Amino acid sequence: QVQLAESGGGLVQPGGSLRISCTASGTRFRFSTMGWYRQAPGKERELVAAMIGDRMTNYGDSVKGRFTISRDSTKNMVFLQMNNLQHEDTAVYYCKARIGSNEFWGQGTQVTVSL
């Protein structure tokens, strides 16, 4: 059974940085796509960043230039480096991975940006 586990969330001050990670287990196959979504209270879940293969990336407009996605395909891990965090980045961040037509989600990690 495929499982995704996020880690690294927490409380950070505005302008600060944070790096979150996602580790996949339960499969020996390589995910075609790995990425991050987030959901703030009262809002819909939105794309933060995704990586297709090892090179192609896609970012949500609100995080372009501040966030960077990377992955270690050999370990089925994906990372999100978040810089210059702002209050509006506060949300639960979810890891998502795809193999063929199958999609998998993690349980999420809370990121709170506050003084």
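What counts and what doesn't
- Residues numbered from 1 in each chain as written.
- Predicted model: local features only at pLDDT ≥ 70, side-chain atom pairs only at ≥ 80, totals over all residues.
- Heavy atoms only, no water.
- Buried < 20%, exposed > 50% of the residue type's maximum accessible area, 1.4 Å probe, protein only.
- Helix = DSSP H or I, 4+ residues; strand = E, 2+ residues; numbered from the N terminus.
- Pairing = 2+ DSSP bridges.
- Core = buried A, V, L, I, M, F, W, Y, C linked by side-chain atoms within 4.5 Å.
- Contact = heavy atoms within 4.5 Å.
- Phe/Tyr/Trp six-rings, centres within 6.5 Å; stacked < 30°, edge-to-face > 60°.
- Lys NZ or Arg CZ within 6 Å of the ring centre and 35° of its normal.
- Axes fitted to C-alpha atoms, helices over the stretch in contact; angles between N-to-C directions.

For this particular structure, what's the right way to read the pairing of strand S4 (residues 33-39)?
It is a general feature of regular strands that their side chains alternate between the two faces of the sheet. Within S4, 5 of the 7 residues are buried, leaving the element largely enclosed by the surrounding structure. With 6 bridges connecting them, S4 and strand S5 (residues 46-52) associate as antiparallel partners. Residue tyrosine 37 lies in a different strand from S5, and its bridge partner there is leucine 47. Where S4 folds back onto S5 in an antiparallel hairpin, the turn is made up of 6 residues, including glycine 42, whose phi is positive at roughly 80°.

Just to check I follow, could you spell out the nonpolar core for this structure?
In a soluble, globular protein the nonpolar side chains are often hidden away together inside. Grouped together as the largest cluster of nonpolar side chains are 28 residues, with contacts concentrated most on Trp36, Val48, Phe67, Ile69, Leu80, Met82 and Tyr93. Among the elements of the structure, strand S3 (18-25), S4, S5, strand S7 (67-72), strand S8 (77-82), strand S9 (91-99) and strand S11 (109-113) are those that each provide at least two residues to this core. Once residues lying within four places of it in the same chain are set aside, the contact partners of valine 48 are Trp36, Tyr37, Arg38, Asn58, Tyr59, Gly60, Val63, Phe67, Leu80 and Tyr93.

Help me understand the pairing of S9, please; the structure alone is not making it clear to me.
Counting buried positions along S9 yields 7 of 9 residues, so the element is predominantly enclosed. Pairing of S4 with S9, which is carried by 7 bridges, proceeds in the antiparallel orientation. Its bridge partner lying in S9, threonine 33 is registered against arginine 98. Pairing geometry for S9 and S11, over 3 bridges, is antiparallel. Across the sheet, the residue bridging to alanine 91 is valine 111, located in S11. Relative to strand S10 (residues 102-105), S9 runs antiparallel, the two sharing 4 bridges.

Is there a simple way to explain the packing of aromatic side chains in this structure?
Centre-to-centre distance and the angle between the planes together describe a pair of aromatic rings. Applying the stated criterion across every chain, the model contains 2 aromatic pairs. Centre to centre, the rings of phenylalanine 31 and phenylalanine 104 are 6.3 Å apart; their planes meet at 70°, and the pair counts as edge-to-face. One end of the pair, phenylalanine 31, is in the loop between S3 and S4; the other, phenylalanine 104, is in strand S10, with 73 residues separating them in the sequence. In this structure phenylalanine 104 comes out as partly exposed when scored by relative accessible area, which is 22%. Lying across the ring of phenylalanine 79, arginine 19 places its NZ or CZ 4.2 Å from the centre.

When you look at the sheet that holds strand S1 (residues 3-7) in this model, what are you seeing that I'm missing?
The strands making up a sheet associate through backbone hydrogen bonding, with each pair oriented either parallel or antiparallel. Read from one edge of the open sheet, 4 strands run S1-S3-S8-S7, paired in antiparallel fashion. The open sheet has two free edges, formed respectively by S1 and S7, since each of these has just one partner strand. Strand-to-strand twist in this sheet, taken as the mean axis angle between neighbours without regard to direction, amounts to 15°.

Is there a simple way to think about unusual backbone geometry in this case?
If a residue is not glycine, its phi is most likely negative; likewise, a peptide bond is most likely trans. The phi torsion at asparagine 76 lies on the positive side, around 50°, for a residue other than glycine. Mapped onto the fold, asparagine 76 is located in the loop between S7 and S8. Of note in the backbone geometry, asparagine 84 takes a positive phi value of approximately 50° without being a glycine. Along the chain, asparagine 84 turns up in the loop between S8 and S9. Residue asparagine 84 is classed as partly exposed on the basis of its relative accessible area, which comes to 40%.

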